[in-house]
Amino acid sequence: MKDLRMSPKSLCAVLLAAVVTVGCEDSTTEPAEPLTMQETEALYLGLQHVAMDTMPDIISAAPDGLVLACPLGGQLTYSGGTTDEQVADTARLLTNVTLDPDGCMLSSDGHEFTLDGNPNVQLDLNVTIVGSTFEFLVDGSLTGGVDWQLDDRSGTCMIDLTLEVAIAEPPTTTFSGTMCEHEVEFVATGVVSTPGGGQPAF
């Protein structure tokens with residue numbers, strides 16, 4: 001009968017070949033297709049809808065924020081708030097809000113996303129009112145990122161948007177910049193509204 005036992009040296013060679021083969025196969029795996037412009041807009045609108053829900057399903061509340069149930073499952077932590085300060089005739093409202101999704105599932109424009117914070121989405125807003133000149137100044141940003149899953153695809157969407165206000169009748173506010181590697185411009189609906197009992201959204 002033929003001896004089928006392998007020497008330690010031969011066994012190591014076989015294992016090394018197997019590891020190299022697996023490594024080569026993994027290296028040919030195509031990366032997930034990134035979000036399209038339309039999917040990116042749907043993601044923005046979905047986050048906006050959850051953040052601006054005036055009747056949210058609150059899982060728990062703490063002094064520093066709320067844990068909200070997402071429409072299709074999972075949750076989103078909504079923390080931060082607004083402070084005000086007065087210097088001479090100038091009043092300022094400073095807003096810092098963080099949205100941190102955790103397995104947050106939502107549907108937007110026909111797309112069903114699952115989102116996790118990477119690290120999260122940060123809204124910074126500064127509203128200044130000068131009493132002597134009646135100037136009304138607004139500046140802000142929407143930054144951060146989320147990990148997303150959509151059907152059989154997944155990836156990371158980084159966000160770097162700047163708030164812009166056009167003085168017109170009526171005035172318009174937009175977020176423009178980059179999101180999910182696209183140059184975008186979105187209407188900033190309700191940027192000073194109070195969803196979920198008092199926090200501004202976008």
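For the structure itself, look to the data block above.
Residues numbered from 1 in each chain as written. Predicted model: local features only at pLDDT ≥ 70, side-chain atom pairs only at ≥ 80, totals over all residues. Heavy atoms only, no water.

Any details on the overall build of the protein? Residues and values, ideally.
Of regular secondary structure, the protein possesses two helices and nine strands. The N-to-C order of helical and strand elements in the protein reads α-α-β-β-β-β-β-β-β-β-β. Residues counted as buried form 34% of the 202 residues belonging to the protein. A sequence separation of at least 24 residues applies to 48% of the contacts in the protein between residues at least 6 apart. Of the roughly 12000 Å² of accessible surface on the protein, 57% is carried by carbon and sulfur atoms. (Helix = DSSP H or I, 4+ residues; strand = E, 2+ residues; numbered from the N terminus. Buried < 20%, exposed > 50% of the residue type's maximum accessible area, 1.4 Å probe, protein only. Contact = heavy atoms within 4.5 Å. Areas by Shrake-Rupley, 256 points an atom, 1.4 Å probe, with all protein chains shown as cover.)

Give a description of the environment of Ser176 that names residues and reports values.
Mapped onto the elements of the fold, Ser176 is located in strand 8 (residues 172–179). When its relative accessible area of 14% is taken as the criterion, Ser176 is described as buried. Linking Ser176 and Glu164, residues twelve residues apart in sequence, is a C-alpha distance of 7.4 Å. In terms of polar contacts, Ser176 uses its side chain to reach the side chain of Glu164, at 3.0 Å. (Polar contact = N/O pair within 3.5 Å; in protein donor to acceptor, adjacent residues only side chain to side chain.)

Please set out the state of the cysteines residue by residue, giving values where relevant.
Counted by the stated rule, this structure contains two disulfides. For Cys70, the disulfide goes to Cys104, at an S-S distance of 2.0 Å. For the disulfide bridge between Cys70 and Cys104, the dihedral angle about the S-S bond is near -110°, and by the sign convention the bridge is left-handed. Of this pair, Cys70 sits in the loop between strand 2 (65–69) and strand 3 (75–87) while Cys104 sits in strand 4 (residues 90–108); the two residues are 34 residues apart in sequence, bridging distant segments of the chain. (Disulfide = S-S within 2.5 Å.)

Talk me through the sheet that holds strand 5 (residues 111–130); I want residue IDs and the actual numbers.
In a beta sheet, neighbouring strands are held together by backbone hydrogen bonds and run either parallel or antiparallel to one another. The strand order across the open sheet built from nine strands is 1-2-3-4-5-6-7-8-9, with neighbouring strands paired in antiparallel fashion. The open sheet is flanked by strand 1 (58–62) and strand 9 (182–187), the only strands paired with a single partner. The mean inter-strand angle of the sheet, taken between neighbouring strand axes irrespective of direction, is 15°. Relative to strand 4, strand 3 runs antiparallel, the two sharing 13 bridges. Directly across from Ser79, in strand 4, lies its bridge partner Thr98. Strands in contact with helix 2 (residues 37–51) are strand 3, strand 4, strand 5, strand 6 (135–150), strand 7 (153–166), strand 8 and strand 9; relative to strand 9, the strand with the most contacts, it is inclined by about 40°. (Pairing = 2+ DSSP bridges. Axes fitted to C-alpha atoms, helices over the stretch in contact; angles between N-to-C directions.)

I'd love a proper account of the pairing of strand 3, names of residues and values included.
Both strand 2 and strand 3 contribute to a ladder of five bridges, which runs antiparallel. Across the sheet, Leu66 pairs through a bridge with Tyr78, a residue of strand 3. Hairpin connection, strand 2 to strand 3: the antiparallel pair is bridged by five residues, and Gly73 has positive phi, about 130°. Adjacent in sequence and paired antiparallel, strand 3 and strand 4 are bridged by two residues, among which Ala88 carries a positive phi angle near 55°.

Could you give an account of the pairing of strand 8, naming the residues involved and the relevant values?
For a regular strand, the rule is simple: side chains alternate between the two faces of the sheet. Looking at chain direction, strand 7 and strand 8 are connected through eight bridges and run antiparallel. Of the residues in strand 8, the one forming a bridge with Thr162 is Ser176. From the end of strand 7 to the start of strand 8, which pair antiparallel, there are five residues. Across six bridges, the pairing between strand 8 and strand 9 is antiparallel. For Thr174, the partnering residue across the bridge sits in strand 9 and is Val187. Here strand 8 folds back onto strand 9 in antiparallel fashion, the turn holding two residues, of which Cys180 has a positive phi close to 55°.

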